[in-house]
2 protein chains.
Amino acid sequence: MTMSRRSFLTNLSAIGGTALLFAGMKAFGMDVASAVTAPPPLEGGGKGKTVVVLGAGVAGLTAAYELGKAGYDVTVIEARAFAGGRAQTARKGFQLTELTGQSQTCDFDEGLYINHGPWRIPFHQRSTLHYIREFGIELELFNNDNDNSYIYSTKGSGPLANRPVRKAEIAADARGHSAEILAKVVGAGALDQQFSAADRELFIEYLATEGYLDLKDKSYSGTEGRGWITKPGAGLNGGVPSKPHAMKDVLDSQAWRVLSSVSNWDQQHTMFQPKGGMDRLPKGFAERIGDKIRYSTEIEKIRQSAKGVTVSVVDATGKRGTVTADYCINTIPLSVLKMIDNGMSPQHQAAMDGVSYAPVGKIGLQMKRRFWEENHWIYGGHVYTDFGEIGSISLPSTDWLGKKGVLLGYYNFIGDAAKVSALSPADRAKFAVDFGQKIFPEYAESYENAFSVAWHLVKYNLGGWAQWTEEARARDYPVLLRPDRRMYLAGEHMSHIGGWQAGGIESAWMQIDALHRQASAA
Amino acid sequence: MTMSRRSFLTNLSAIGGTALLFAGMKAFGMDVASAVTAPPPLEGGGKGKTVVVLGAGVAGLTAAYELGKAGYDVTVIEARAFAGGRAQTARKGFQLTELTGQSQTCDFDEGLYINHGPWRIPFHQRSTLHYIREFGIELELFNNDNDNSYIYSTKGSGPLANRPVRKAEIAADARGHSAEILAKVVGAGALDQQFSAADRELFIEYLATEGYLDLKDKSYSGTEGRGWITKPGAGLNGGVPSKPHAMKDVLDSQAWRVLSSVSNWDQQHTMFQPKGGMDRLPKGFAERIGDKIRYSTEIEKIRQSAKGVTVSVVDATGKRGTVTADYCINTIPLSVLKMIDNGMSPQHQAAMDGVSYAPVGKIGLQMKRRFWEENHWIYGGHVYTDFGEIGSISLPSTDWLGKKGVLLGYYNFIGDAAKVSALSPADRAKFAVDFGQKIFPEYAESYENAFSVAWHLVKYNLGGWAQWTEEARARDYPVLLRPDRRMYLAGEHMSHIGGWQAGGIESAWMQIDALHRQASAA
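Residues numbered from 1 in each chain as written. Chains lettered and ligands numbered in written order. Predicted model: local features only at pLDDT ≥ 70, side-chain atom pairs only at ≥ 80, totals over all residues. Heavy atoms only, no water.

A. Region of the structure containing the overall build of chain A. In terms of helices and strands, chain A carries 17 helices and 24 strands. Relative to the globule expectation of 24 Å for 522 residues, the C-alpha radius of gyration of chain A, 26 Å, shows essentially globular dimensions. Projected onto its principal axes, the C-alpha positions of chain A cover 80 × 60 × 40 Å. Looking at chain A as a whole, 65% of its 522 residues are labelled buried. (Helix = DSSP H or I, 4+ residues; strand = E, 2+ residues; numbered from the N terminus. Rg over C-alpha atoms; globule rule 2.2 N^0.38 Å. Buried < 20%, exposed > 50% of the residue type's maximum accessible area, 1.4 Å probe, protein only.)

B. Representation of the pattern of salt bridges. Across all of its chains, the model carries 66 salt bridges over all chains by this definition. The salt bridge partner of K248 of chain B is D199 of chain A, with a shortest N-O separation of 3.1 Å. Here K248 of chain B is found in helix α7 (residues 247-253), whereas its partner D199 of chain A is found in helix α6 (residues 197-211) on a different chain. Of the charged contacts in the structure, one is a salt bridge between D513 of chain B and R517 of chain B, with a shortest N-O distance of 3.7 Å. Residue D513 of chain B and its partner R517 of chain B are located together in helix α17 (residues 501-521), separated by 4 residues, close to a single helical turn. Accessibility expressed as a relative area gives 40% for R517 of chain B, which makes it partly exposed. Salt bridges sharing common partners tie together R91, D279 and K283 of chain A. (Salt bridge = Lys/Arg side-chain N within 4 Å of Asp/Glu carboxyl O.)

C. Quick peek at the sheet that holds strand β24 (residues 487-489) of chain B. Residue and element names in this part refer to chain B. A sheet is described by the order of its strands in space; here 5 strands give the open sequence β12-β2-β1-β16-β24, paired in parallel fashion. Two strands bound the open sheet, and with one partner strand each, they are β12 (293-294) and β24. Both strand β2 (residues 73-77) and β12 contribute to a ladder of 2 bridges, which runs parallel. By the bridge assignment for β12, V76 is matched with I293. Packing against the sheet, α17 makes contact with β1 (50-54), β16 (327-330) and β24, and its axis sits at approximately 170° to β16. (Pairing = 2+ DSSP bridges. Contact = heavy atoms within 4.5 Å. Axes fitted to C-alpha atoms, helices over the stretch in contact; angles between N-to-C directions.)

D. Inspection of the sheet that holds strand β1 (residues 50-54) of chain A at higher detail. All names here are of chain A. With parallel pairing, the 5 strands of this open sheet are ordered in space as β12-β2-β1-β16-β24. Of all the strands in the sheet, the pair left with one neighbour each is β12 (293-294) and β24 (487-489). With 4 bridges joining them, β1 and strand β16 (residues 327-330) adopt parallel strand pairing. Looking across to β16, one finds that V51 is bridged to Y327. Lying over the sheet, helix α3 (residues 58-69) contacts β1, β2 (73-77), β12 and β16, oriented at roughly 165° with respect to β2. Sitting on the sheet, helix α17 (residues 501-521) touches β1, β16 and β24, and the angle it makes with β16 is about 170°.

E. Region of interest: helix α8 (residues 280-289) of chain A. Taken together, the buried positions of α8 of chain A are L281, P282, G284, F285, A286 and I289 of chain A. Structurally, α8 of chain A contributes buried residues whose contacts are with α3, β2, α4 (126-134), β12 and α17 of chain A.

F. Molecular detail of the interface of chain B and chain A. The partner chain A presents 100 residues to the 100 residues of chain B that form the contact. Across the interface of chain B and chain A, roughly 8,900 Å² is buried in total on both sides, 62% from carbon and sulfur atoms. Counting across the chain B and chain A interface gives 12 salt bridges. Ionic pairing is found between R175 of chain A and E210 of chain B, a salt bridge with its closest N-O pair at 3.1 Å. On the surface where chain B and chain A come into contact, there are 44 residue pairs in polar contact (both at pLDDT 80 or more). Residue contributions to the side of chain B that touches chain A peak at 9 residues, all from helix α5 (residues 167-187) of chain B. Its residues placed into classes, the side of chain B that touches chain A shows 47 nonpolar, 32 polar and 21 charged. (Buried area = accessible area lost by both parts, 1.4 Å probe. Polar contact = N/O pair within 3.5 Å; in protein donor to acceptor, adjacent residues only side chain to side chain. Nonpolar A, V, L, I, M, F, W, Y, C, P; charged D, E, K, R; others polar.)

G. Structural detail: the relation of the copies chain B and chain A. When chain B is fitted onto chain A, the two copies agree to an RMSD of 0.0 Å after a turn of 180° and an axial shift of 0.0 Å. In short, the pair behaves as if placed about a two-fold rotation axis. Of the residues that chain B buries at the interface, 100% are likewise interface residues in chain A, meaning the two copies contact each other through the same surface. (Least-squares fit on C-alpha atoms with pLDDT ≥ 70 in both.)

H. Structural detail: the packing of α4 of chain A against α8 of chain A. Residues and elements named next belong to chain A. Closest axis-to-axis distance for the α4/α8 pair is 10 Å, and the angle between their directions is 60°. On the basis of the axis angle, α4 is oblique to α8. Our pair here, α4 against α8, has a crossing hand that is left-handed. In this structure, α4 uses T128, Y131, I132 and E134 to contact α8, whose residues at the interface are L281, F285 and R288. For the contact of α4 with α8, the per-class residue count stands at 4 nonpolar, 1 polar and 2 charged. (Parallel < 35°, antiparallel > 145°, perpendicular 65-115°, else oblique. Left-handed = near helix turned anticlockwise from the far one by under 90°.)

I. Main features of the side chain of Q273 of chain B. Residue and element names in this part refer to chain B. As for its placement among the helices and strands, Q273 is situated in strand β11 (residues 271-274). Using a relative accessible area of 6% as the deciding quantity, one classes Q273 as buried. Apart from residues no more than four positions distant in its own chain, Q273 is found in contact with W119, E138, L139, E140, L141, F142, S397 and T398.

J. Just the nonpolar core, in detail. Ranked by internal contacts, the top residues of the largest apolar core, which has 92 residues, are I329 of chain A together with I329 of chain B. In this structure, I170 of chain A together with A208, V250 and L251 of chain B belong to the second largest nonpolar core, which totals 66 residues. (Core = buried A, V, L, I, M, F, W, Y, C linked by side-chain atoms within 4.5 Å.)

K. Structural detail: unusual backbone geometry. Here H269 of chain A and T270 of chain A are connected by a cis peptide whose omega angle stands at 15°. Structurally, T270 of chain A is set in the loop between α7 (247-253) and β11 (271-274). Positive phi is not limited to glycine here, since W377 of chain B has a value of about 60°. Tracing the sequence through the fold places W377 of chain B in the loop between α11 (371-374) and β19 (381-385).

This is how it looks when you write it as structure tokens:
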């Protein structure tokens, strides 16, 4: 359900289409070898050559950092007063004005924060971990799956819908009852053609193990892992076991929509977060790149000549100027780039029209006590709901047993995000608190303040991430991967890891490698 | 398999037997209300009354700390030079001499350690978390389940046995193939009597969701969550998907023995560990109890009179003495207590014979680089094997992306532990490294040094934890729960949370409450 929707949306178009283009693109060095785990070597260096990098998000920062290390003379143009792009962390004093003119200043207590942009690093995103390690940023585990958390199903029916139910109960009962049914089917001879007698015996043993069946009669009658009425303790208290839900009730609830044999690739634990906030990663880059980043500088126009790229800029005081360089790495989101006088080729201009950007909303709610830990025994993880305007409620994976905490009150997408974003910040908070109250009775009384973002209403992003249709991925995406003369596009939109920092980093690696080969050949 | 074996052994006897005794034991206040999450209030306090606590493990420390807070004058007798009992952390310089006379001094690099006693705190062990919070001990998540880790099955057959296979592959394929088979059975009408048409449709949808089936033909053909041949990246690299194993191969491998609908209660994530080592918990107690703990003091004899308890002790210099108190909390493991001239009632003496203690072995292996993270992308969790002498290999859940690391090279029980413990420390290390090499080719070349423990060979423990047969749990355990005049037994052995610190803490809470009621009535 909600946790996989983003994955669904971004992957919808990821399969097929591009295969035909593989052969041709190998000429650009853009084949599967780009599934790399370290930056390209940039052999020979870039001494005496200049590069202007547009945007100091993680893609731009990666490009500037690596090109700088290789000896290129780099200038980074960044519209915001800080680096990171979407990789932001809201703490006390953090300000955001959305396109509607509504402003918020974060008022969380000192030490509390929400990562309202990227917030997770899966173990397999080696590129992101490469810089975490290089910069010595401390990681902590992000608890991305919590069997003791709740499912709140609004689209189901029966006694288990429209109320919080522990994920462990649904997992144990859906799988337990299914194992019982299948074990009886196997035992009755239904698979005699398909499997040998020895394998059928192993099959039944597997089902009994998976589903905690009684091996004698292959029946499922619950298991301690789904929870206890009274948990075992000292003395004579051996615990009072819980009873399973009927399969009909589990099916009707639709709470099983959160179950899967294994998590999707981009949602698998083990998952990490930087201790202290996701912005520690861009800060690590920015400290090393230093004064080569020109902050609070907007781009008005981009032009190319036979010899280089000229970018017309205006700073926060209204002062205009130009930056000229031999090459350009352009990491501006396509949603924004389309609206700039970018001087790009007609092919590139047309290709940019093929991509739309996802409306995405998040809200951090400061709670004066960690009732989800204290009363509900839920430490991190997500409350799963099929109510799209909430999407999921996520409990913080940091400061365990602390006093206060900031939880993620909603994480919504597309139409749901558009709808909720139309509310004022105060009304968004009220909406989130009202829904949360259905799951946690302590919600309203514990709520203190909120910080929300609607990424589609953020001036320099105009969306959470690029959404490629299958058609556009086949037709337009390969065009944008090719340089436009001396300009290379990078960012999560230039990857198959859309919406993740790893997509930005790996696309930057790909494009600086291509730029370096062009520059070295020149 | 191995991860649940301990749970199996300790729970084997937990069910049944005791139910009959419930009514009678309610007179002692020992009914299910003892499933508590906070210490008893000890109303009225204990001013002017003395208690001698035998043993400064977590049970003894809990009793001494709470009785002290209530005003009792407490003396703790501890045989070791430090507090904690089995809650030990081996770091550079930590010394252990087993009963065989073999001595080890831990030689890990500064900052590295192994918790060779208790190492995990499940989210539901509220009693342990109570003190973690009270003492302000920082927690970090312990990654107790890792889909990207390996299963190494030695008892299976076929192409997936006797080699490392990712857990995600087995989970996806065992469940995916099963879902396909069951969905086809449901579709063919086998459950028409059991479920309505609407529920059958939901059932198939559930199976398709769980098993990533193609909804059109209900077939399973793999899923990205089981891993990629080439993972998706930047540019045209949309990834090369992996192919599922045949169900026959999965069944024959027996690797499915690690799968279950939900984890057992005591193995469920979310799980924690104190940052810096498990001994931070006993240290938290010991700092607060202060000089009321008499370290390096062995107990030679225990006697009771109508007025109190007298304990004859001898310190490390050979100096003898006695400690007399109104009451006694006795937390000495029964394995050890049996061998002391304890002066207990014939009923208690006989009951102690009913319990045996589990041989348990662990080894920490210092590796000069974290190859499991760098090369295998495994961050914490366990390598699951059915080879009992290894049991499981566990990767550290701390210092992510660090340089070196100490992993748990084996965790064995009962006969397997007895067998491995007969080796010298050097040979235990060689044994662990030789086996690990089958899974990780970097094992031998990375190995630096080791520290091992065989708890059954540790003088003041003589075993890892109490093992109650069903018979002894029914017959002897209730006898030991009752005070022997002015002496109350506490420890994990006096609980249904055997082998966990929570068992020690909760049994201490139970017994100080009983002691306080006896003392208040006196």
